[in-house]
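Descriptive analysis of the structure
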Amino acid sequence: MSGWPNLSDLLVGIETKASVGLVGAPLAAGSVTPGQCDLAPALLRQTLRRIGRYDVETGRELSARITDRGDVDLAGLSIERATEPIRDAVRFSASLHQLTLLVGGNNAVTRPGVLGLGLPLEKIGLVTLDAHFDMRETHEGLSNGNPVRALIEDGLPGANIAQIGLASFANSRTMHEDALAAGNLVITIAEVRRDGIVAAIERALAHVRHCEAIVVDCDIDVIDRSQFPAAPGARPGGMAVQDFFAAARRLAAETRVRLIDLTEWDPPLDPSDLSALTAARWVAECLAGFEMRPT
């Protein structure tokens, strides 16, 4: 549209060098609540044209190019079989770009995203924005409800994990106790409301200060259900959407953050465009933070 610079302008093909990479991981298998999270990457790309590039608050216009590396072919694959192709796609993107945006798909994409950095797990930090601990048991297989437990079992230390936005009546006592026993930093949604999102993010970054690289998991169900209806796990009383945006921007500004994922967006659950616009705005916030990094 003439006179309307928008995020879709920033998408470039694989032949163009860019600082940011975009990888789609349309994984729906293994969801605790079955749905169609696999539709999210395509709808996100379509919606980028509706998000402008000019930030009226800062007076800056986004300019960072994004290499769209397409979607990983996950048709018919279980989580176990999908892990390797997602891991390899992330590894390739991370080798070429300072920041990779990984668009799921359900939350099971987070584990291969972490593994895709190709570093020893003791050198990687994980910050989650999530209403849930994702600490369900793994003995019956991988699911979108256990990527954090699976990573701990892989060898990711709890001292490297900070979890923000945990909601009451959405988790079990065992999950909570296991997360604390592992050494995870746990910041509930009530603490976010009491102390503010800035304080929560700074606590999380302090917890992972010793890590060489950081992965940020943005499970969209951390947002209050009224502000993001297309997240099957979201509930009333969740994070305010403006806090979610502020968190994404601040975390993307951290140089050690190499990967940020967006998960658990199930487009058919929202007949309006509210959820799609919120997800696309997440891209703008990630870019705004990225452009704040020291050069």
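Refer to the structure printed above.
Residues numbered from 1 in each chain as written. Predicted model: local features only at pLDDT ≥ 70, side-chain atom pairs only at ≥ 80, totals over all residues. Heavy atoms only, no water.

1. Focus: helix α2 (residues 79-96)
Along its 18 residues, α2 runs 26 Å from first to last C-alpha, staying within 8% of the 26 Å computed at 1.5 Å per residue. When we look at burial in α2, the residues that qualify are I79, A82, T83, I86, V90, S93 and A94. Burial along α2 is one-sided: seen end-on, the buried residues are contained in an arc of 115°. Along α2, the residues that are exposed and aim more than 90 degrees away from the buried face are R81 and S95. Where the residues of α2 are buried, they touch β2 (20-25), β5 (66-71), β6 (99-104), α3 (110-115) and β11 (257-263). (Helix = DSSP H or I, 4+ residues; strand = E, 2+ residues; numbered from the N terminus. Expected span 1.5 Å × (residues − 1). Buried < 20%, exposed > 50% of the residue type's maximum accessible area, 1.4 Å probe, protein only. Arc of directions from axis to C-beta. Contact = heavy atoms within 4.5 Å.)

2. Quick notes on the side chain of R53
Structurally, the position occupied by R53 is in the loop between α1 (40-47) and β3 (54-55). Residues in contact with R53, not counting those within four places in the same chain, are P5, N6, L7, D9, L10, R60, E61, L62 and S63.

3. Side note on the layout of surface pockets
When its volume is computed, the largest pocket comes out at roughly 370 Å³. What lines the largest pocket is a set of 19 residues, and nearest its centre among them are V32, H132, R136, D221 and G233. Classifying every residue of the lining of the largest pocket by side-chain character gives five nonpolar, eight polar and six charged. (1 Å grid on protein atoms, 1.4 Å probe; cavity = no way out; pocket = protein on both sides within 12 Å on 5 of 7 lines; lining within 4 Å. Points joined across faces, edges and corners; volume = space filled by probe spheres on them. Nonpolar A, V, L, I, M, F, W, Y, C, P; charged D, E, K, R; others polar.)

4. Re the sheet that holds strand β7 (residues 124-129)
Read from one edge to the other, the open sheet built from nine strands follows the order β1-β5-β2-β6-β11-β10-β7-β8-β9, with strand pairing classed as parallel. A single partner strand is all that each edge strand has here, and the edge strands are β1 (11-12) and β9 (185-188). Pairing between β6 and β11: four bridges, direction parallel. Each residue of the ladder has a partner; that of L101, found in β11, is I260. (Pairing = 2+ DSSP bridges.)

5. Quick notes on the environment of A94
Topologically, A94 is positioned in helix α2. Looking at A94, the relative accessible area reads 12%, which means it is buried. The spatial distance from the C-alpha of A94 to the C-alpha of P120 is 15 Å, given a sequence separation of 26 residues.

6. Description of the pattern of salt bridges
According to the stated counting rule, one finds 18 salt bridges in the structure shown. Its salt-bridge partner being R149, residue D178 comes within 2.7 Å of it at the nearest N-O pair. With D178 in helix α5 (residues 173-182) and R149 in helix α4 (residues 147-154), this pair connects stretches of sequence that are 29 residues apart. (Salt bridge = Lys/Arg side-chain N within 4 Å of Asp/Glu carboxyl O.)

7. Some points on the nonpolar core
If you look at the biggest cluster of nonpolar residues, it comprises 61 residues, and the most contacted ones within it are I164, F244, I260, W265 and W282. In terms of residue count, helix α9 (residues 274-290) provides more of this core than any other element does, 10 residues in total. The contact partners of W265, leaving out residues within four places of it in the chain, are C37, A40, L43, L44, I220, F228, A230, S275, A276 and A279. (Core = buried A, V, L, I, M, F, W, Y, C linked by side-chain atoms within 4.5 Å.)

Keep in mind these values describe shape, not function.
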